[in-house]
Amino acid sequence: MTYEQALPGPTLKLSPGDTLKLKLANSLPATSGQGMGMGNGMGQMNGMADAPGHTNLHFHGLHVSPDGNSDNVFIDVAPESSQDYEVHIPADHWGGLNWYHPHRHGTVTDQVLGGMAGAIIITGALDSVPQIAAAADQVLVLQRVQEQRSQLVMASSMHGNEFMSGMGNPSFTVNGMVSPTTTMRPGEVQRWRLVNADAIDYFDLALVDAAGTVIPGGLHLLARDGMALPAVRSVDSQLVVPGNRVEMLIQAPATAGSFTLMGRAVQGFAHGDVPLVQVSVTGEPNPMPLPTTLPTPLQAIPASAVAHRRTVTFGTWGGAMVVNGVNFADGPDQVDLDVGSVTEWEVQNLSQDKHAFHFHTNPFMVVAVNGVPEPDPWFWDTYPIPPATAADAPGSITIRTAPKDFRGKIVQHCHILPHEDAGMMGVINLV
């Protein structure tokens, strides 16, 4: 299952103020998709059995209208039909890496695992920083490819993430290749933009040398989830969950040799360390500097600005995946979010499995994890909720969001996609 017969799909490059006009032609067979007919409590959803081959598009990370034929995940595109999309990029949209993928509820897992994903780049101020502009630009789309994809949705409410992670003997690819090799000159700096387009797994990104030792401070982070950081952060590693994007500068050592971008194992998932990109350092030295400052279009949201507070829960009930106690097929759960004011949510995880919290259209600032304040709070659109440690001890993240510009219906859900398809999704009314 692909876009334009490519794995991944074409990278779309847009600028603030542009309008994207795109026709999605659905040539999927009407027999594709889950269609298992197992019922809600067994990980099934109304829509899975009656919508094999149906699809649509979500423009993940874009701050655009959720209505009409824009980023509207309630659109249904049946097999052998098509849908025209028209997405207006606001003139003040921040620059960064985003992506597109299907979001027709009940068929998302199967289609994303099949390969339906592609990157979206919005140009922005980072591109004009001299040290960044001088660096070669690599877009890296991380995808899992495997057989028997449809069984993962049935498994999602009967087994944990570790079971799903190891099911079906998956292969992990970057730009359609298993552990591809690239070259850099000694001292060279490159800009790597990575999308975790896997439907299930968390990865702990790190650079390791030829001996397998982590290179200290090897990842020079510029942006996460399409939003520039206040300054370059040089870190040993960076966790990415399904849906996350990370943009970073990578500098080759001063001497010839090799190193690897490793997707290291994360507790609760079955994969071991996955060599994502192999790098051969060769040729004439090309020492390049790193930037010291970054242009940042977003401003932190202070606690004094909070006008509303709410608790939102993710978990399981009776074998079904739920948001605020409601499975999407049985509701869905709906909450209101005021446009033009600041809301603080405590998002709780009531289950022992990890969940990846995501909501559409507006980013959020993570200010605490399990009640402990974040030392450097900043913006994301997808973030892991720690698991519960006891029946009365849920895991939690505390977020602040200041929605603007758009009203209408969007969704919040777990971006571990079998969880979403099994019902861990609710509606947010932007009012």
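Residues numbered from 1 in each chain as written. Predicted model: local features only at pLDDT ≥ 70, side-chain atom pairs only at ≥ 80, totals over all residues. Heavy atoms only, no water.

Draft legend 1. Structural context of the overall build of the protein chain. Helix and strand content of the protein chain: 5 helices and 28 strands. On C-alpha atoms alone, the protein chain measures out to a radius of gyration of 21 Å, which is about the 22 Å that the 2.2 N^0.38 rule sets for 431 residues. Its C-alpha atoms give the protein chain principal-axis dimensions of roughly 60 × 50 × 50 Å. Scored against the burial criterion, the 431 residues of the protein chain give a buried share of 59%. (Helix = DSSP H or I, 4+ residues; strand = E, 2+ residues; numbered from the N terminus. Rg over C-alpha atoms; globule rule 2.2 N^0.38 Å. Buried < 20%, exposed > 50% of the residue type's maximum accessible area, 1.4 Å probe, protein only.)

Draft legend 2. Region of interest: the packing of aromatic side chains. Per the counting criterion, the structure on display carries 12 aromatic pairs. Taken together, a centroid distance of 5.7 Å and an interplanar angle of 85 degrees make the contact between phenylalanine 357 and phenylalanine 359 edge-to-face. Three or more aromatic residues link up through ring pairs in this structure, and these residues are Phe314, Trp345, Phe357, Phe359 and Phe364. (Phe/Tyr/Trp six-rings, centres within 6.5 Å; stacked < 30°, edge-to-face > 60°.)

Draft legend 3. Local environment of the pairing of strand 24 (residues 372-380). Taken together, the 5 bridges between strand 23 (residues 364-369) and strand 24 define a ladder with antiparallel strand orientation. If you follow valine 366 over to strand 24, its bridge partner there is tryptophan 378. Hairpin connection of strand 23 to strand 24: 2 residues between the antiparallel strands, including asparagine 370 at a positive phi of 55 degrees. (Pairing = 2+ DSSP bridges.)

Draft legend 4. Region of the structure containing the pattern of salt bridges. Applying the stated criterion across every chain yields a total of 15 salt bridges. A salt bridge links aspartate 204 to arginine 264, with the nearest nitrogen and oxygen atoms 2.6 Å apart. Of this pair, aspartate 204 sits in strand 11 (residues 203-209) while arginine 264 sits in strand 16 (residues 257-264), and the two are 60 residues apart along the sequence. With relative accessibility at 23%, the residue arginine 264 sits in the partly exposed group. The partner of arginine 400 in a salt bridge is glutamate 344, with the nearest N and O atoms 2.8 Å apart. With a gap of 56 residues between them, arginine 400 in strand 26 (residues 395-401) and glutamate 344 in strand 21 (residues 342-349) connect regions that are remote in the sequence. Accessibility assignment for this pair places arginine 400 and glutamate 344 in one class, buried. (Salt bridge = Lys/Arg side-chain N within 4 Å of Asp/Glu carboxyl O.)

Draft legend 5. Representation of the sheet that holds strand 14 (residues 237-240). Reading across from one edge, 9-17-16-11-14 is the order of the 5 strands in this open sheet, with mixed pairing throughout. Two strands in the sheet have a free side with no partner beyond their single neighbour: strand 9 (181-184) and strand 14. Adjacent strand axes in the sheet meet at a mean angle of 25 degrees when their direction is disregarded. Summarising the sheet, strand 11 and strand 16 pair through 6 bridges and their orientation is antiparallel. Across the sheet, valine 208 pairs through a bridge with threonine 260, a residue of strand 16. (Axes fitted to C-alpha atoms, helices over the stretch in contact; angles between N-to-C directions.)

Draft legend 6. Expanded view of the side chain of asparagine 98. Among the secondary structure elements, asparagine 98 is positioned in strand 5 (residues 96-101). With relative accessibility at 0%, the residue asparagine 98 sits in the buried group. At 2.9 Å, the side chain of asparagine 98 forms a polar contact with the side chain of arginine 245. (Polar contact = N/O pair within 3.5 Å; in protein donor to acceptor, adjacent residues only side chain to side chain.)

Nothing here speaks to function; it is all geometry.
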